[in-house]
Amino acid sequence: MTSSDLAPAPSRIVIASRESRLAMWQAKHIRDRLLQLYPQTRVEILGMTTRGDQIVDRPLSAIGGKGLFIKELEVAMQEGRADLAVHSMKDLPMEMADGFVLAATSGRENPCDAFVSNRFATLDELPPSAVVGTSSLRREAMLRAGRPQLVIRSLRGNLDTRLRKLDAGDFDAIILAAAGLIRLGLAARIRSVLAPEQSLPAPGQGVLGIEVCAARPDLIALLAPLNDAASAHCVRAERAFSRALGGSCQVPLAAHALLENDCLWLRGSIATPDGRQMLVGELRGAAGDDESIGRMLAQKLRDRGADAILEKLAASR
């Protein structure tokens, strides 16, 4: 793409971001990409603390879900204090808030879960009754299904806080997204990467999404060069699968897509938090049918009993 193909650039762009180290890395990464494209534009970052950042003593599923991490950023965009917000796609609610759209999807970093421990090299090395920390019902279900003797404890806070709790001896191991560790230069903390066959990733894991107000076609055009088409196809399939099953942080649900030669391969699962019931399926199709593939795979799991799992989850809330 040449400079003449780019949308006219404004004199200033403001990116709204949470203030955690990882969120700021993500915002700075997009800032730097924009500066490369539009060197005459001043790109600033507005750091903000969200409700989700403030409540760290309860599981995310118990306090209102992923939307707690983005509401303040959306208000800043509505009020004109910011132009766009950068999110980890796995943290973005499956239903976008009214008046907002996803303008661009980044290329994907390693989408897998990472096993982090100071004493053990792999998940299989953990002895019975070892204490493992995670903030994700999806990861909890995976751990309980494969290693029911482990003690699973809630682990909230930003990435640095979680690592500090591990280093303080509160946990024998913790499970984190590999992408965050890699982006912050902490790949050495990863003792082993859990393959999708061991722990199917969350929808959108490893991908950044750029959110803007739907009424800003100028920004949507400006951000178009940052969109990674292959990543976007995969994320659309993953999120459509999750959306069709009512996906939220209250549902232990996983979805991961791969794209090769215009063929999209989507794997998905849904489980109970105790891991005793788990349904796994897969579907292949053309990349252009990404959302349809997601919906069809969700229906396949419904045909095999996913609704019974969803009913059990709803009854337990």
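Located above this text is the structure these notes cover.
What counts, and at which threshold
- Residues numbered from 1 in each chain as written.
- Predicted model: local features only at pLDDT ≥ 70, side-chain atom pairs only at ≥ 80, totals over all residues.
- Heavy atoms only, no water.
- Helix = DSSP H or I, 4+ residues; strand = E, 2+ residues; numbered from the N terminus.
- Rg over C-alpha atoms; globule rule 2.2 N^0.38 Å.
- Buried < 20%, exposed > 50% of the residue type's maximum accessible area, 1.4 Å probe, protein only.
- Contact = heavy atoms within 4.5 Å.
- Areas by Shrake-Rupley, 256 points an atom, 1.4 Å probe, with all protein chains shown as cover.
- Lys, Arg positive; Asp, Glu negative; His and termini not counted.
- Charge placed at Lys NZ, Arg CZ, Asp CG, Glu CD.
- Pairing = 2+ DSSP bridges.
- Axes fitted to C-alpha atoms, helices over the stretch in contact; angles between N-to-C directions.
- Phe/Tyr/Trp six-rings, centres within 6.5 Å; stacked < 30°, edge-to-face > 60°.
- Lys NZ or Arg CZ within 6 Å of the ring centre and 35° of its normal.
- Right-handed = clockwise from strand over helix to strand, strands pointing away.
- Polar contact = N/O pair within 3.5 Å; in protein donor to acceptor, adjacent residues only side chain to side chain.
- Core = buried A, V, L, I, M, F, W, Y, C linked by side-chain atoms within 4.5 Å.

(A) Quick look at the overall build of the chain. Summing up its helical and strand segments, the chain has 10 helices and 13 strands in all. Taking 20 Å as the expected radius of gyration for a compact globule of 317 residues, we find that the chain reaches 20 Å, a close match to that expectation. Principal-axis analysis of the C-alpha atoms gives the chain an extent of 60 × 45 × 35 Å. Within the chain, buried positions represent 52% of all 317 residues. The contacts in the chain between residues at least 6 apart in sequence include a share of 69% that link residues at least 24 apart. In the form shown here, the chain has an accessible surface area of approximately 14,000 Å², with 49% of it arising from carbon and sulfur atoms. The distance from the centre of the 40 positive side-chain charges to the centre of the 37 negative ones in the chain is 4 Å.

(B) Fine view of the sheet that holds strand 2 (residues 42–48). As summarised here, the arrangement of the five strands in space is 2-1-3-10-4, forming an open sheet in which the pairing is mixed. Looking at strand neighbours, the two that pair on one side only are strand 2 and strand 4 (100–105), the edges of this open sheet. Strand-to-strand twist in this sheet, taken as the mean axis angle between neighbours without regard to direction, amounts to 30 degrees. Looking at chain direction, strand 1 (residues 12–18) and strand 3 (residues 84–88) are connected through two bridges and run parallel. If you follow Ile 15 over to strand 3, its bridge partner there is Leu 84. On top of the sheet, helix 1 (residues 21–37) reaches strand 1, strand 2, strand 3 and strand 10 (208–213); it is set at about 160 degrees to strand 1, its chief contact.

(C) The packing of aromatic side chains, seen in detail. For the structure on display, the rule yields zero aromatic pairs. We note Arg 267 situated over the ring of Trp 265; from NZ or CZ to the ring centre the distance is 4.1 Å.

(D) Just the pairing of strand 2, in detail. Here strand 1 pairs with strand 2 via seven bridges, running parallel. Bridge pairing in strand 2 links Ile 13 to Val 43. For the handedness criterion, the β-α-β arrangement of strand 1, helix 1 and strand 2 is classed as right-handed.

(E) Broad picture of helix 5 (residues 159–167). Taken together, the buried positions of helix 5 are Leu 159, Thr 161, Arg 162, Leu 163 and Leu 166. Its side-chain oxygen 3.2 Å from the backbone nitrogen of Asp 160, Asn 158 forms the N-cap of helix 5. A positive backbone phi angle near 90 degrees is found at Gly 169, which sits one or two residues after helix 5.

(F) Main features of the nonpolar core. In this structure, Phe 241, Leu 245, Leu 266 and Ile 270 are the most contacted members of the largest nonpolar core, which totals 21 residues. For this core, the elements supplying multiple residues, two or more each, are helix 8 (229–244), strand 11 (253–260), strand 12 (263–271), strand 13 (278–286), helix 9 (290–303) and helix 10 (306–316). Not counting residues up to four positions away in its chain, the partners in contact with Phe 241 are Leu 253, Ala 254, Ala 255, Leu 266, Gly 268, Ser 269, Gly 294, Arg 295, Leu 297, Ala 298 and Leu 301. Counting residues in each nonpolar core, the second largest holds 20 residues, with Leu 6, Ala 27, Leu 84 and Ala 103 among its members.

(G) Structural context of the pairing of strand 11. Two elements, strand 11 and strand 12, share eight bridges in a ladder whose sense is antiparallel. Opposite Ala 254, over in strand 12, you have Ser 269 as the bridge partner. Connecting the antiparallel pair strand 11 and strand 12 is a turn made up of two residues, with Asn 261 showing a positive phi of about 50 degrees.

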